[in-house]
Amino acid sequence: MTARLLAFGLALVFAASYAAAQAGADKRRSGYQDMGEALQKMQDDDTANPGMLFVQLGGQLWAKPAGAENKSCADCHGVAADSMKGVATRYPAIPQGADRPVDLEGRINMCRTENQKAERLPPENRDLLSLEAYVAHQSRGMPIAPPYGPVVDAFRAQGEGIYRRRQGQLNLSCAICHDDNAGKKLAGIVIPEAHPTGYPIYRLEWQALGSLKRRLRNCLVGIRAEAWSLDAPEYVALELYLMERAKGMKLETPAVRP
Amino acid sequence: MRILPVLALLLGAQAAAAQPVTPQIVDDAIPTSLTGRPGDAARGRAIVASRSTGLCLLCHSGPIAEERFQGDLAPSLAGAGSRWSEGQLRLRIVDGTRLNADTIMPAYYRTGGLQRVARAFDGKTILSAEQVEDVVAYLVTLKD
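If you're wondering where the values come from, they're calculated on a predicted model, not measured in any experiment.

On to the pattern of salt bridges, then. All names here are of chain A. Across all of its chains, the model carries 22 salt bridges over all chains by this definition. Here Arg28 ties to Asp26 by a salt bridge, and the two come within 2.9 Å at their closest N and O atoms. The partly exposed category is assigned to Asp26, whose relative accessible area is 37%. Linking Asp153 and Arg156 is a salt bridge whose minimum nitrogen-to-oxygen distance equals 2.7 Å. Taken together, the residues span about one helical turn, with Asp153 and Arg156 both in helix H8 (residues 150-164) at a distance of three residues.

In this structure's numbering, the residues bearing the UniProt feature "domain: Cytochrome c" (unreviewed entry) are residues 39-143 of chain B. Taken end to end, residues 39-143 of chain B is 37% helix and 0% strand, and its first and last C-alpha atoms sit 17 Å apart.

What follows is about the UniProt feature "domain: Cytochrome c" (unreviewed entry) in chain A. As recorded in UniProt, the feature "domain: Cytochrome c" (unreviewed entry) lies at residues 154-246 of chain A. Summarising residues 154-246 of chain A: 45% helix, 11% strand, and an end-to-end C-alpha distance of 18 Å.

Read from one edge of the open sheet, three strands run E4-E3-E5 (chain A), paired in mixed fashion. Every other strand in the sheet has two partners, leaving strand E4 (208-210) and strand E5 (256-257) of chain A as the edge strands with one partner each.

Time to look at the interface of chain A and chain B. How big an interface is tends to be reported as the loss of accessible area on association of its parts. Taken together, the contact between chain A and chain B spans 21 residues of the former and 26 residues of the latter. When the two sides are added together, the surface that chain A and chain B hide from each other amounts to roughly 2,100 Å², 52% of it contributed by carbon and sulfur. For the chain A face of the interface with chain B, the top three residues by lost area are A:Gln169, A:Arg224 and A:Glu226, together amounting to 33%. The interface formed by chain A and chain B holds one salt bridge in total. Across the salt bridge formed by B:Arg119 and A:Glu226, the nearest N and O atoms sit 3.0 Å from each other. Put simply, chain A and chain B have twelve residue pairs in polar contact (both at pLDDT 80 or more) between them.

This paragraph deals with the nonpolar core. Core analysis: the largest hydrophobic core is formed by 48 residues, its most contacted members being B:Ile93, B:Val132 and B:Leu139. Only H8, helix H9 (174-180), helix H10 (212-222) and helix H11 (233-245) of chain A together with helix H2 (41-49), helix H3 (56-59), helix H5 (86-95) and helix H6 (129-140) of chain B provide two or more residues apiece to this core. Per element, the largest residue contribution to this core is six residues, and it comes from H6(B). Excluding residues within four positions of it along the chain, B:Leu139 makes contact with B:Leu77, B:Ala80, B:Gly81, B:Leu89 and B:Ile93. The next biggest cluster of nonpolar side chains, apart from the first, holds 32 residues, and it includes A:Val55, A:Val87, A:Leu104 and A:Val135.

So, on to the environment of A:Gly188. For A:Gly188, the location among the structural elements is in the loop between strand E1 (185-186) and strand E2 (189-190). Once the C-alpha coordinates of A:Gly188 and A:Gly36 are considered, the two residues, 152 residues apart in sequence, prove to be 13 Å apart. If we skip the residues at most four places from it in the chain, A:Gly188 touches B:Phe69, B:Gln70 and B:Gly71.

On to the domain arrangement of chain A, then. Residues and elements named next belong to chain A. Its domain assignment divides chain A into domain 1 (31-43 + 143-257) and domain 2 (51-137). Put simply, the middle of domain 1 and the middle of domain 2, counted by C-alpha atoms, are 22 Å apart. On the side of domain 2, 25 residues touch domain 1, which itself brings 25 residues to the contact. Between domain 1 and domain 2 the total buried area reaches about 2,000 Å² when both faces are included, carbon and sulfur atoms providing 71% of it. Taken together, the links from domain 1 to domain 2 amount to two salt bridges. A salt bridge links Asp103 to Lys213; the nearest nitrogen and oxygen atoms lie 3.3 Å apart. Counting every contact that joins domain 1 to domain 2 gives four residue pairs in polar contact (both at pLDDT 80 or more). Listed by contribution, the elements that provide at least two residues to the side of domain 1 that touches domain 2 are H8, E4, H10 and H11. Tallying contributions element by element places H11 first for the side of domain 1 that touches domain 2, with five residues. Split by residue class, the side of domain 1 that touches domain 2 holds 19 nonpolar, three polar and three charged.

For the rest of this paragraph, the subject is the confidence of the model for chain B. All names here are of chain B. Across chain B, the average pLDDT comes to 89, with 86% of residues at 70 or higher. A low-confidence stretch, residues 1-18 (pLDDT under 50), is modelled with three contacts involving residues beyond four sequence positions or located in other chains. Across the predicted assembly, pTM comes out at 0.91 and ipTM at 0.87.

This part covers the packing of aromatic side chains. Residue and element names in this part refer to chain A. Summed over the entire model, instances satisfying the criterion amount to three aromatic pairs over all chains. Ring geometry for Trp62 versus Tyr134: centroids 5.7 Å apart, planes at 55°, classification tilted. Taken together, the residues Trp62 in helix H3 (residues 51-62) and Tyr134 in helix H7 (residues 126-137) connect sequence positions 72 residues apart. The class for Tyr134 is buried, based on a relative accessible area of 17%. Pairing Trp228 with Tyr235 gives two aromatic rings, centres 5.7 Å apart and planes at 90°, and the pair type is edge-to-face.

Rules and cut-offs
Residues numbered from 1 in each chain as written. Chains lettered and ligands numbered in written order. Predicted model: local features only at pLDDT ≥ 70, side-chain atom pairs only at ≥ 80, totals over all residues. Heavy atoms only, no water. Salt bridge = Lys/Arg side-chain N within 4 Å of Asp/Glu carboxyl O. Buried < 20%, exposed > 50% of the residue type's maximum accessible area, 1.4 Å probe, protein only. Helix = DSSP H or I, 4+ residues; strand = E, 2+ residues; numbered from the N terminus. UniProt positions renumbered as here; feature names shortened; annotations may be inferred. Pairing = 2+ DSSP bridges. Contact = heavy atoms within 4.5 Å. Buried area = accessible area lost by both parts, 1.4 Å probe. Polar contact = N/O pair within 3.5 Å; in protein donor to acceptor, adjacent residues only side chain to side chain. Core = buried A, V, L, I, M, F, W, Y, C linked by side-chain atoms within 4.5 Å. Domains from an automatic or database assignment. Nonpolar A, V, L, I, M, F, W, Y, C, P; charged D, E, K, R; others polar. pLDDT = per-residue confidence, 0-100. Phe/Tyr/Trp six-rings, centres within 6.5 Å; stacked < 30°, edge-to-face > 60°.

Structure, rendered in structure tokens:
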């Protein structure tokens, strides 16, 4: 009896220390941890986080009928807190019947064109970003959980190839900055690990909500590389790889970034 | 009459975009000036300090006090003129991959071997031959 109890107790202790070791071993840092305390407070306080205004706008759009079908998102999906919970943690993903992955804004645009019979919203459009922020906000605090399968894996591998390849007039790769030199200072700015934990983000430099693509384009322009057009599949491939690197990290949407 | 200066400008622009002259590398250095003339250290300092021209302080720190935001991806430029000869510094700026194939420091006077360069910069070197000489002239003055 006591021996069994002891064994049980020991097993519990081991399990606990194993979990602690696992947690301790995860040294990945969200961009949140590289920000000053003032910005962290701004992100944490829903009344101070400018991104929350867009989440509210997204909530209004969610309930507003649109397109030739005159249907709202809510007509089909009901309460977003239930139907959209966890959805953003596994995008980009391959929609039913499709042959390639789409990002979350791409999936929302599919519902616009196919289900609402409304026009596609252009990249960085305020309504599109607001809907995306509203949907992704329903997963705030949940761990990133990418999908797997032969097709999506191939796109992810393409994304990793882009991430590691040097490009642009400055001949740098994403990996050189975000893997090899993360935490160091580039002209006084701490280089983050490039985890896509907070998108769409409210970036102070933009004074606006913006997508991950917009952020990636900033980095491409910085190394004087040709930026892909905003609807290019390369961004989806890169995002798939970034989500894999950040697997298990918690979503923060809408994050604030400098 | 008014066309001439415009033509001169156009030709000037083309010259900047053209393939750079091939510098003569001897061991780990380029002993002679790319322009045949010495550079200007004061102009070189301004290039090194500039975020849009030299970009050096993205990665390096250096004795340029008015630039508060400096990098720490690379060694400080202070003392570079004591550690390296003028010719060694010139090769380092022209194409550091000749010294360290894996270096992250961009080759400032090379156009080949690059991928997906933005159209505005395609076929152009990061610095002109004159600018390289100005930077070298400045680095030589950085004795500890």
